Amino acid sequence: MKKLFLTLGILFAVYATAMLLQTTNMDMGLAVFFLLGAFFFILFFRYNTAMKLFKTYKKTTLTVLITTILFAATLETLILTSANTDPEKVSSKIDSILVLGGGTKNNRPGAVLKGRLDQALAYAKEHPNVIFIVSGGLGFGKTTSEGSIMKNYLVENGIEADTIQIEEKATSTYENLLYTKEMIQPSDQLLIVTSDFHLFRTKMIAKRVGIEAEGLGSPLRISSVPQAHVREYMAIIKSYFTDR
């Protein structure tokens, strides 16, 4: 068991460090993996004390552990069952495509945002008469709004500039949808394009602000899935209680 704690500590710490170096962006998902790594290192270096505490509070520890696992499994199920990445499952009667911001780097779309934009472009290639709405405000330390960067990328990839509307005030998913609602007609058939793991929460918030929409997700690189999904667990909990 002691060696298992050391192995888990190393795995969590190495993964979190590798992702931080790759993305240069610390978020709650990475913070959780760093904390888990530190937790298992503590269990390794204080193994005897940890075992004594476990024996004393065995029922409580197991209850917390099992409850946490079941809760995470429930959230993961909700995420996976909402994660449509197949354009063929989307209605062909779409009027507008809303692409949600996902991070920029050096005034260019980051890897996550590029995936969203490319997925929207793939859909628009088969349905060329749609209007684009790109939503993303001015991030901390940035000089250009995410919406403007998204529009530039779409234009570079063949979309006419006059078919792209920019929403550049939003700094959260809730604001993305709230401000976009003011830009569309009630009768518009809207397709929201975001990352696959983000679709469940996006649809939940969309219903709260009064938007009926279909969803299309862009898949993540396998290496990014643990970080993104763990971060999304916490975002779902926050959104459930606050984004109203």
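Residues numbered from 1 in each chain as written. Predicted model: local features only at pLDDT ≥ 70, side-chain atom pairs only at ≥ 80, totals over all residues. Heavy atoms only, no water.

1. Section: the sheet that holds strand S1 (residues 96-100)
Pairing is parallel in the open sheet, where five strands are placed in the order S5-S4-S1-S6-S7. A single partner strand is all that each edge strand has here, and the edge strands are strand S5 (164-167) and strand S7 (213-218). The mean angle between the axes of side-by-side strands here comes to 25°, regardless of whether they run parallel or antiparallel. Pairing analysis gives four bridges linking S1 to strand S6 (residues 190-195), with the strands arranged parallel. Of the residues in S6, the one forming a bridge with isoleucine 97 is leucine 191. Contacting S1, S6 and S7, helix H8 (residues 199-209) runs over the sheet at an angle of about 140° to S6. (Pairing = 2+ DSSP bridges. Helix = DSSP H or I, 4+ residues; strand = E, 2+ residues; numbered from the N terminus. Axes fitted to C-alpha atoms, helices over the stretch in contact; angles between N-to-C directions. Contact = heavy atoms within 4.5 Å.)

2. What to know about helix H1 (residues 2-23)
The end-to-end C-alpha distance of H1, which contains 22 residues, comes to 32 Å, matching closely the 32 Å that a straight helix rising 1.5 Å per residue would cover. Those residues of H1 that sit buried are Phe5, Gly9, Phe12, Tyr15, Ala16 and Met19. Projected down its long axis, H1 shows its buried positions confined to an angular sector of 140°, all on one face. Seen from the buried face of H1, the exposed residues on the opposite side, beyond 90 degrees, are Lys3, Leu11, Val14 and Leu21. Next to the buried residues of H1 lie helix H2 (28-45), helix H3 (47-56) and helix H9 (225-242). (Expected span 1.5 Å × (residues − 1). Buried < 20%, exposed > 50% of the residue type's maximum accessible area, 1.4 Å probe, protein only. Arc of directions from axis to C-beta.)

3. Overview of the confidence of the model for the protein
Of all residues in the protein, 100% attain a pLDDT of 70 or more, and the chain-wide mean is 94. Predicted confidence in the protein is weakest over strand S2 (residues 104-105), with a mean pLDDT of 86, and strongest over S1, with 98. (pLDDT = per-residue confidence, 0-100.)

4. Some details on the environment of lysine 93
Here lysine 93 lies in the loop between helix H4 (58-82) and S1. Accessibility expressed as a relative area gives 65% for lysine 93, which makes it exposed. In this structure the C-alpha to C-alpha distance between lysine 93 and threonine 49, which are 44 residues apart in sequence, comes to 63 Å.

5. Structural notes on the pairing of S1
For a regular strand, side chains alternate in direction, first toward one face of the sheet and then toward the other. Across the five residues of S1, five count as buried, placing the element largely inside the fold. Neither face of S1 is left uncovered, since the one carrying Ser96, Leu98 and Leu100 and the one carrying Ile97 and Val99 both have all their residues buried. Note: S1 against strand S4 (residues 131-135), five bridges, orientation parallel. Looking at the pairing, serine 96 lines up with isoleucine 131 of S4.

6. Topic: helix H7 (residues 173-181)
Listed as buried for H7 are Thr173, Tyr174, Asn176, Leu177 and Thr180. When H7 is viewed along its axis, its buried side chains cluster within an angular range of 165° and face the same direction. If you follow the buried residues of H7, they end up packed against S1, S4, S5, S6 and H8.

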